[in-house]
Amino acid sequence: MSKIRIVTDSSITIEPELVEKYNITIVPLSVMVDGVIYSDSDLHEEGRFLEMMKNSKELPKTSQPPVGLFAETFEKLIKDGAEQIIAIHLMHTLSGTCEASRQGAILSGADVTVIDSGFIDQCLKFQVVEAAKLAQAGASLEDIVAHVEEVKSKSELHIGVSTLENLVKGGRIGRVTGLLSSLLNIRVIMELKDYQLNTVAKGRGAKTFTKWLDSYIDAIKDRKVAEIGVSYAGTPVLAHELASKLKVLGAPISILETGSIIQTHTGEDAFAVMVRYE
């Protein structure tokens, strides 16, 4: 068994088989829906959370994992034989999860290296899976951390939303540059870069997303792509349409429903296209 264990949080969008194969530990965030608190780990059934959100009286509220939960998780991993732990989390500008993880590490007394991934969703998965592969192969802490930073530098995340309503209600609109919060029903594509969401395209028609993707593919078609992630909130129809266009890049594509943490802020009919370059 690897002496180094990999920990992340439930803002990750990842196939369950990869979690099992690479022995990845996921610490859940929580979501409050109409006064009831749910662990994000209990909301993975396809479409369940979206239905809950649509029927809720207020926009659900997300919370980072408690410091104590991180401490318990790290203590258990050490008892199970881990000598070192690498914890890779969603970006600090969206959540205090990284800091809670650091505090949990101090409480547990474990040797934990906490990394701010700078991302969420499948872009977080890119880093976590690569780290877990190296850990299983017996790589050193230094080599794993260096490779995670390389993966981070070679990843891109674009998110498309069909309404800004959830971003406005959740207080995230102030972190999205170049938008007017009064334009709630426009379709917007944003790039997550340097810990901020920046608008790259917007429009009112249904073709806004596909037109943007055509131009994006044209811009990166000469680069060597290692893998692609397409995530969605709502029905997977658009995600599959986007993925069919992305096949021209010649890289494996994962199409997955994103979790409750991200759906809370994006609302229904949102998607993300994530690319990792070689």
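Up top you'll find the structure we're talking about.
The present account deals with the structure reproduced in this document. (Residues numbered from 1 in each chain as written. Predicted model: local features only at pLDDT ≥ 70, side-chain atom pairs only at ≥ 80, totals over all residues. Heavy atoms only, no water.)

## Regarding the pairing of strand β14 (residues 270–277)
Part 1: Burial analysis of β14 places 8 of its 8 residues in the buried class, which makes it a mostly covered element.
Part 2: Here β14 shows two buried faces, one formed by Ala270, Ala272, Met274 and Arg276 and the other by Phe271, Val273, Val275 and Tyr277.
Part 3: Looking at chain direction, strand β12 (residues 225–233) and β14 are connected through 8 bridges and run antiparallel. In the sheet register, Tyr232 faces β14, and the bridge partner there is Phe271. (Buried < 20%, exposed > 50% of the residue type's maximum accessible area, 1.4 Å probe, protein only. Helix = DSSP H or I, 4+ residues; strand = E, 2+ residues; numbered from the N terminus. Pairing = 2+ DSSP bridges.)

## Details of the environment of Asn23
Part 1: The residue Asn23 is located in the loop between α1 (16–21) and β2 (25–27) in this model.
Part 2: Given a relative accessible area of 31%, Asn23 falls into the partly exposed group.
Part 3: Each C-alpha atom, one on Asn23 and one on Arg5, is 7.7 Å from the other, the two residues being 18 residues apart in sequence.
Part 4: Those residues in contact with Asn23 that lie beyond four places of it in its chain are Arg5, Ile6 and Gln136. (Contact = heavy atoms within 4.5 Å.)

## Thoughts on helix α8 (residues 208–220)
Part 1: In this model, α8 (13 residues) spans 19 Å end to end at C-alpha, consistent with the 18 Å of a helix rising 1.5 Å per residue.
Part 2: Taken as a whole, α8 has its buried residues at Thr208, Phe209, Thr210, Trp212, Leu213, Tyr216, Ile217 and Ile220.
Part 3: Buried residues belonging to α8 abut β8 (155–161), β10 (187–193), β11 (196–203), α9 (237–246) and β14. (Expected span 1.5 Å × (residues − 1).)

Treat this as a map of the structure, not an account of what it does.
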